[in-house]
Amino acid sequence: MTAISQAHSVVAPSPLSQRIAGAIVIVYALITMVPLAWIFLTGFKSGPDSIAYPPKVLFTPSAEGYCNLFTTRSRQTPEYVAQMPPTSGVCDSLARATNMVVVGSSNYLPRFVNSLIIAFGSTALSVVLGVTAAYAFSRFRVPAKDDLLFFILSTRMMPPIAVAIPIYLMYRDVGLSDTRLGMILLYTAVNVSLAVWLLKGFIDEIPREYEEAALVDGYTRLQAFFKVVLPQATTGIVATAIFCLIFAWNEYAFAVLLTSGEAQTAPPFIPIIIGEGGQDWPAVAAGSTVFLLPILVFTVLLRKHLLRGITFGALRK
Amino acid sequence: MNAPDPHVLLDKAARGTPEPLARRVRGLSDRAIAWLFIAPTIVLLLAINIFPLIWTIWLSFTNYRANRPNAAVANVGIDNYVSVLTDPDVWAAMQATAHFLFWTIVLQTVLGFTLAYLIDRRFRGYGFWTTVILIPMMLSPAVVGNFWAFLYQPQIGLFNYIVSFFTGIPPSSFEMIGSVNLAPWAIIIVDTWMWTPYVMLICLAGLRSIPDYIYEAAEVDRASRWRQFWSITLPMALPFIMLAVLFRGIENFKMFDMVNLLTSGGPGSTTEVASITLKREAFEKWRTGYSSAFAIVLFVTVFGLANIYVKALNRVKNR
Amino acid sequence: MKKLIAAASAIAISAMLAFASAAQAQTKTITLCWAAWDPANALVELSKDFTTKTGIQMKFEFVPWPNFADRFLNELNSKGKLCDLMIGDSQWIGGAAENGQYVKLNEFFAKEGIKMSDFMPATVTGYSEWPKNTPNYYALPAMGDSVGWTYRKDWFNRPEIKNEFKAKYKRDLAPPKTWDEFKQVAEFFQNRTIDGKKVYGAYIFTERGSEGITMGVTNVLYPFGFKYQDPKKPYVMNGFVNSPDSVKGLEFYKALYKCCTSPGLTNAYMQEGLDAFKSGQVAMMMNWFAFFPGLYKDPNVGGDKIGFFINPSEKTKGVQLGGQGISVVASSPNRNEALQYIKWFATPDVQKKWWSLGGYSCLKSVLQDPGFVKSAPFAKEFLESMDMVQDFWADPSYAQLMLAMQKRIHDYVVADKGTAKEALDLLVTDWTKVFKEEGKMK
């Protein structure tokens, strides 16, 4: 197994060139962060502040964005509001201030939960199917292996809208329309091709000698798979899981066409959060920020595996 | 990672597996395992990818409309394909897609590779900053498109003000998503912002895979840094760069979410990329037969192009 | 690896628990689907009365206008079970009737004594009938609406502004009655500085994705003389859609877009207009009457600061019909409860309360009540507008016709492609193709 090489020049880059490189990269990173920082800040602005012109960089923070994200409110007359029982929390008082009354929680949390179920469910399924199929392709002589592999890859080439046309009809007839199971199956089908491809690359890298030794010692093939191969493929599995998760978590086209009240995930929901006038930008920003967090945490914790994953997947075909 | 000692593992396995199951499992032949492992994947792909693909092909020869389930369905031969290939709107969409594809690939490759090269210098804190650069690609493209529409607003959006700050032109004198000239660039900028980190990662993997000794040999031959870059670094990283181009190309050919939420394909149809046209035909006009033909045309296009490209990629890898 | 599985299972389990704990209550609940806008909030309030009277709980699914048609036409076509009641757009009625997606209500109306003659005829034709002008009803008129205009009365009343206008145009500054007058007023206010901020003349619809720019341009086209077809020969469009009058009208809309609107509004529909008007950016705003109750109550631009006027005329008068009827979705499992809602909604008391909460009733007894005109500062304008409404095609192929017009108009007005005549000629070609496919034309 070729290890990722360490510094590849006998003479390491000069401190000066290192500093220049660092400066350029840091500048790029900061520029890239500006839109994200703006989204983050907008989540804490009040409604009028978010659409002020010129845009406000300094402002008094408000919980309006997050409150609006998680509640539904309705406008009442001032007299009605005056005779209501005393407020019960930050969001309540914010709403009353503009003659609105909190009437319940919004659909955001159910959508977020749907995203969790569908994304993690399909990722788990993709990884399980992927690692088993990849192992089989790697270790056994499968008839028409190369063709099968290319066929698996080519299933990723159709535009999602194109795939959605027959799936829409199929799901309608079978009753999988607007169900979590239907979405999990669909995302798994889309992801499994990438999973097989990536994981085969990783498993190819694991020397067969270890398994051979285990087999000689009386292990069965299955035992060898679970006890010898899987632990060594951890990096690949984690990297694959990250890619599958990012795709399923952020997917929009299938979600908007095939889901409705029951199984809708967050991406179709966030862009249609509107307030009384136009889009409720603080709430949209809050929703986007909250939605980014799980993926951010997941990826940052596992970033080393991500880099190795790209390497191996890329090196092999 | 050290392989576990087979003897220790055998002991553990023998003690851990319940007897009847162990005997049965031990009995599974290689062949059975191979099929057991591959079958679920193949079945799933057949059900959700292949069968629908065949159904799409069948639909493309009919005039079926999904919103008229009770209407009579007739076979129309290749009429749909002729319609698709002679429709000027379809060609306009393909042009918009090609423009988007070309520029995003060029920009992302140049930027991505440059970043990878600089990060490879291993300056202090490079790990942290690499992770920071990765963040945009973790966002949902739909949410990104929606939010950048806000950023691009001439009156209340940040983008025009920043450009104005650096160049002095008044913020409301130009509009990114409203003007026919700038809208295509608006979507290119957002896509580049999102996906340059992806290209960077792949190029970084490529740069890291170049072994030490080649550079050492070049040093011994007293080749200049410049020379080293052009004759060692770039050629050896080329397969990776080409791979990144392939992935980004396939993804951007299918682009829908971000552009739809950013411009709705506007102004007019200036940024109406192929997937947006397809969506309108299939799920707004409900011309299922026609849009199936369009979908097949798109698939054949990208499949054919990818095939050619992969052959070239293989040649580069094997030289 | 193990940690990963553990973490994933933990998340999955907690997610499923969260979901399970949100399980449905046992009482009957029906869901009403509509667009997310002010009147919808009013309906939520109004429906509490229904729940009190019948014990049936109401759930609501509201989707913003730009996504409304997409989402709910999809829902209807996929035979979804989400909506029991649908307040669908008036143009959906052809498709929904012919594809069996709405329940035909004639029998129910007869049984419950609900008479269509109690409702304004324009609304019955526009929101309930298919085919048009035949007594086949698929909806109860729920929300009367048309395009109207608001203007900054406080600006119009400022002495220095009044004088300047009079000096320039030799007439008093007043809400415009014709499109030529409108353009003058709009040009007058364009780029003027008022209270330290630059303001613009007018706000008009330009949205590309769903129906925005079409719903805007027809308000200029109808008064200029545009017709959808030969009044004597259905589906004959050449010479009517692209008549010289229509071309002039379309050119006028583009001229307005170029001369007298705020920058950046290239894809703007109802909500952006409200934003623009409420933040003091424009002098006159095009929007649906549905929003006027809310605007009148707005702390920044409401009350004395706001005025209303009907769509200007030119050669003739005309304005785009809005509004919706309420229908029972055929695939709903709760048909009886849904019908009960319609019965309750049709009663005169409820209709009166509907108007008072901000919904536009279509019941004659409400609209023709002597107190109606005084009941709101825009009531008179609403009645006048409903007298001159015209609607877009309501054919089953409505979506294709709309998308074609959206494309051609936006291409011309915003993307500067071709001339007005070319745009309208192409539109006739598009529509002819659609009608030929439908078998409505040879």
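Since we're looking at a predicted model, the values are computed, not measured.

S.K.: What exactly am I supposed to notice about the overall build of chain B here?
M.R.: A count of helices and strands for chain B gives 14 helices and 0 strands. Secondary structure of chain B in N-to-C order comes out as α-α-α-α-α-α-α-α-α-α-α-α-α-α. On C-alpha atoms alone, chain B measures out to a radius of gyration of 26 Å, which is more than a quarter above the 20 Å that the 2.2 N^0.38 rule sets for 319 residues. Projected onto its principal axes, the C-alpha positions of chain B cover 70 × 65 × 40 Å. Contacts spanning at least 24 positions in sequence make up 73% of the contacts within chain B whose residues lie at least 6 apart.

S.K.: Help me out: how do you make sense of the overall build of chain C in this one?
M.R.: Assigned secondary structure in chain C consists of 20 helices and 12 strands. Over its C-alpha trace chain C gives a radius of gyration of 23 Å, about what one expects of a compact globule, namely 22 Å for 442 residues. Taking the principal axes of its C-alpha atoms as reference, chain C extends roughly 70 × 65 × 55 Å. For chain C, with 442 residues in total, the buried portion stands at 52%.

S.K.: For this particular structure, what's the right way to read the domain arrangement of chain C?
M.R.: Residues and elements named next belong to chain C. With domains assigned, chain C is organised as domain 1 (27-145 + 323-390) and domain 2 (147-320 + 397-438). Taking only C-alpha atoms, the centre of domain 1 and the centre of domain 2 are 27 Å apart. Listed by partner, the interface residues are 25 residues for domain 1 and 26 residues for domain 2. Among the secondary structure elements, those contributing two or more residues to the side of domain 1 that touches domain 2 are helix H2 (38-54), helix H3 (65-77), helix H4 (93-98), helix H18 (379-386) and strand S12 (389-390). Class assignment for the residues of the side of domain 1 that touches domain 2 results in 15 nonpolar, 6 polar and 4 charged.

S.K.: What's the story with the sheet that holds strand S8 (residues 282-288) of chain C in this structure? I'm lost.
M.R.: The strands making up a sheet associate through hydrogen bonds between their backbones, and the pairing can be parallel or antiparallel. All names here are of chain C. Taken in spatial order, the 5 strands line up as S6-S7-S8-S5-S9 in an open sheet, and their pairing is mixed. Only two strands of the sheet have a single partner each, and these edge strands are strand S6 (192-194) and strand S9 (306-309). Each adjacent strand pair in this sheet contributes to an overall mean axis angle of 40°, direction not counted. Here strand S5 (residues 147-152) runs beside S9; their pairing, made up of 4 bridges, is antiparallel. Pairing of Thr-150 across the sheet is with Phe-308, part of S9.

S.K.: I would appreciate a short explanation of the sheet that holds strand S3 (residues 85-89) of chain C in the present structure.
M.R.: All names here are of chain C. Read from one edge to the other, the open sheet built from 5 strands follows the order S2-S1-S3-S11-S4, with strand pairing classed as mixed. Each end of this open sheet is capped by a strand with a single partner; those strands are strand S2 (57-63) and strand S4 (140-143). Between one strand axis and the next, the sheet turns by 30° as a mean value, whatever way the strands run. Pairing of S4 with strand S11 (residues 324-328), which is carried by 3 bridges, proceeds in the antiparallel orientation. By the bridge assignment, Pro-141 is partnered in S11 with Gly-325. Lying on the sheet, H2 is in contact with strand S1 (29-35), S2 and S4; it crosses S2 at an angle near 170°.

S.K.: How should the interface of chain A and chain B be read in this particular structure?
M.R.: It is common to give the size of an interface as the accessible area that goes away when the parts come together. Chain A puts 95 residues into the contact, and the matching count from chain B is 87 residues. In terms of residue count, the dominant contributor to the side of chain A that touches chain B is helix H1 (residues 15-42) of chain A (16 residues). Per-class residue counts for the side of chain A that touches chain B are 70 nonpolar, 19 polar and 6 charged.

S.K.: What exactly am I supposed to notice about the nonpolar core here?
M.R.: The nonpolar side chains of a soluble globular protein tend to be buried with one another. The biggest cluster of nonpolar side chains holds 320 residues, and the ones touching the most others in it are A:Ala164, B:Cys203, B:Leu262 and C:Leu85. Here the element with the most residues in this core is helix H6 (residues 108-139) of chain A; it accounts for 18 residues. Leaving out residues up to four positions away in the same chain, C:Leu85 has contacts with C:Ile30, C:Leu32, C:Cys33, C:Ile326, C:Val328, C:Val329, C:Ala338 and C:Tyr341.

S.K.: Would you mind going over the domain arrangement of chain B with me for this structure?
M.R.: Residues and elements named next belong to chain B. Looking at the assigned domains, one finds that chain B contains domain 1 (6-60) and domain 2 (79-318). Distance between the C-alpha centres of domain 1 and domain 2: 37 Å. On the domain 2 side, the residues contacting the 4 residues of domain 1 number 7 residues.

S.K.: Any chance you could explain the interface of chain C and chain B here in plain terms?
M.R.: Counting residues at the interface gives 22 residues for chain C, matched by 23 residues for chain B. When contributions to the side of chain C that touches chain B are tallied by element, the ones reaching two or more residues are H3 and helix H19 (398-413) of chain C. The element best represented in the side of chain C that touches chain B is H19(C), accounting for 6 residues. Counted by class, the side of chain C that touches chain B contains 5 nonpolar, 11 polar and 6 charged residues.

S.K.: What's the story with the packing of H1(A) against helix H5 (residues 88-119) of chain B in this structure? I'm lost.
M.R.: Think of two packed helices as two axes; the pair is described by the angle between the axes and how far apart they sit. Here H1(A) crosses H5(B) at 135°, and the two axes come no closer than 9 Å. Looking at the two axes, H1(A) sits oblique to H5(B). Here H1(A) runs over H5(B); the crossing is left-handed. In this structure, H1(A) contributes A:Ala21, A:Ile24, A:Val25 and A:Tyr28 to the contact, and H5(B) contributes B:Leu115, B:Leu118 and B:Ile119. Its residues assigned to classes, the contact of H1(A) with H5(B) comprises 7 nonpolar, no polar and no charged.

S.K.: Hey, could you run me through the pairing of S2(C) in this one?
M.R.: The two faces of a sheet get side chains in turn, since along a regular strand they alternate between them. All names here are of chain C. One ladder, built from 7 bridges, connects S1 with S2; its direction is parallel. Paired with Thr-29 across the two strands is Gln-57, which belongs to S2. Since S1 and S2 lie parallel, the crossover through H2 that links them has a hand, and here it is right-handed.

S.K.: Please clarify how helix H6 (residues 126-134) of chain B should be interpreted in this entry.
M.R.: Along an α-helix, residues three or four positions apart point the same way, because every turn accommodates 3.6 residues. Within the sequence span of H6(B), burial applies to B:Trp129, B:Thr130, B:Ile133 and B:Leu134. An end-on view of H6(B) places all buried positions within 150° of arc, on one side of the element. Its buried side turned inward, H6(B) meets H1 and helix H15 (281-301) of chain A together with H5 and helix H9 (183-208) of chain B.

S.K.: Help me understand the environment of C:Ser332 in this model?
M.R.: Residues and elements named next belong to chain C. If you trace the backbone, Ser-332 turns up in the loop between S11 and helix H14 (335-345). Given 20 C-beta atoms within 10 Å, Ser-332 falls into the buried group. Look past the residues within four positions of Ser-332 in its chain and what remains in contact with it is Lys-81, Cys-83, Asp-84 and Ala-338.

S.K.: Is there a simple way to think about the packing of H19(C) against helix H20 (residues 420-438) of chain C in this case?
M.R.: Residue and element names in this part refer to chain C. The geometry of H19 relative to H20 is characterised by a closest axis approach of 9 Å and an angle of 165° between their N-to-C directions. As judged from the angle between their axes, H19 and H20 are roughly antiparallel. The two elements H19 and H20 cross, and the hand of that crossing is right-handed. Contact residues: Gln-400, Leu-401, Ala-404, Met-405, Arg-408, Ile-409, Asp-411 and Tyr-412 in H19; Ala-420, Ala-423, Leu-426, Leu-427, Asp-430, Trp-431 and Val-434 in H20. For the contact of H19 with H20, the per-class residue count stands at 11 nonpolar, 1 polar and 3 charged.

S.K.: What exactly am I supposed to notice about the environment of C:Val434 here?
M.R.: All names here are of chain C. With respect to the secondary-structure elements, Val-434 resides in helix H20. In this structure, the C-alpha to C-alpha distance between Val-434 and Asp-349, residues 85 residues apart in sequence, is 44 Å. Residues contacting Val-434, with those up to four places away along its chain left out, are Ser-397, Gln-400 and Leu-401.

S.K.: When you look at unusual backbone geometry in this model, what are you seeing that I'm missing?
M.R.: The bulk of non-glycine residues show a negative phi, and the bulk of peptide bonds are trans. Residues and elements named next belong to chain C. Cis rather than trans, the peptide bond between Trp-130 and Pro-131 has omega equal to -5°. By the element assignment, Pro-131 lies in the loop between helix H6 (121-128) and S4. Residues other than glycine seldom take positive phi values, yet Asp-416 does so here, at roughly 55°. Looking at the secondary structure, you find Asp-416 in the loop between H19 and H20.

S.K.: Help me understand the confidence of the model for chain C in this model?
M.R.: Detailed reading of the predicted model is not advised wherever pLDDT is low. On average, residues of chain C score 90 in pLDDT, and 94% of them reach the 70 mark or higher. Interface confidence for the predicted complex, given as ipTM, is 0.84, next to a pTM of 0.84.

Calculation rules
Residues numbered from 1 in each chain as written. Chains lettered and ligands numbered in written order. Predicted model: local features only at pLDDT ≥ 70, side-chain atom pairs only at ≥ 80, totals over all residues. Helix = DSSP H or I, 4+ residues; strand = E, 2+ residues; numbered from the N terminus. Rg over C-alpha atoms; globule rule 2.2 N^0.38 Å. Contact = placed C-beta atoms within 7 Å. Buried ≥ 20, exposed ≤ 12 C-beta atoms within 10 Å, placed from the backbone. Domains from an automatic or database assignment. Nonpolar A, V, L, I, M, F, W, Y, C, P; charged D, E, K, R; others polar. Pairing = 2+ DSSP bridges. Axes fitted to C-alpha atoms, helices over the stretch in contact; angles between N-to-C directions. Core = buried A, V, L, I, M, F, W, Y, C linked by C-beta atoms within 7 Å. Parallel < 35°, antiparallel > 145°, perpendicular 65-115°, else oblique. Left-handed = near helix turned anticlockwise from the far one by under 90°. Right-handed = clockwise from strand over helix to strand, strands pointing away. Arc of directions from axis to C-beta. pLDDT = per-residue confidence, 0-100.

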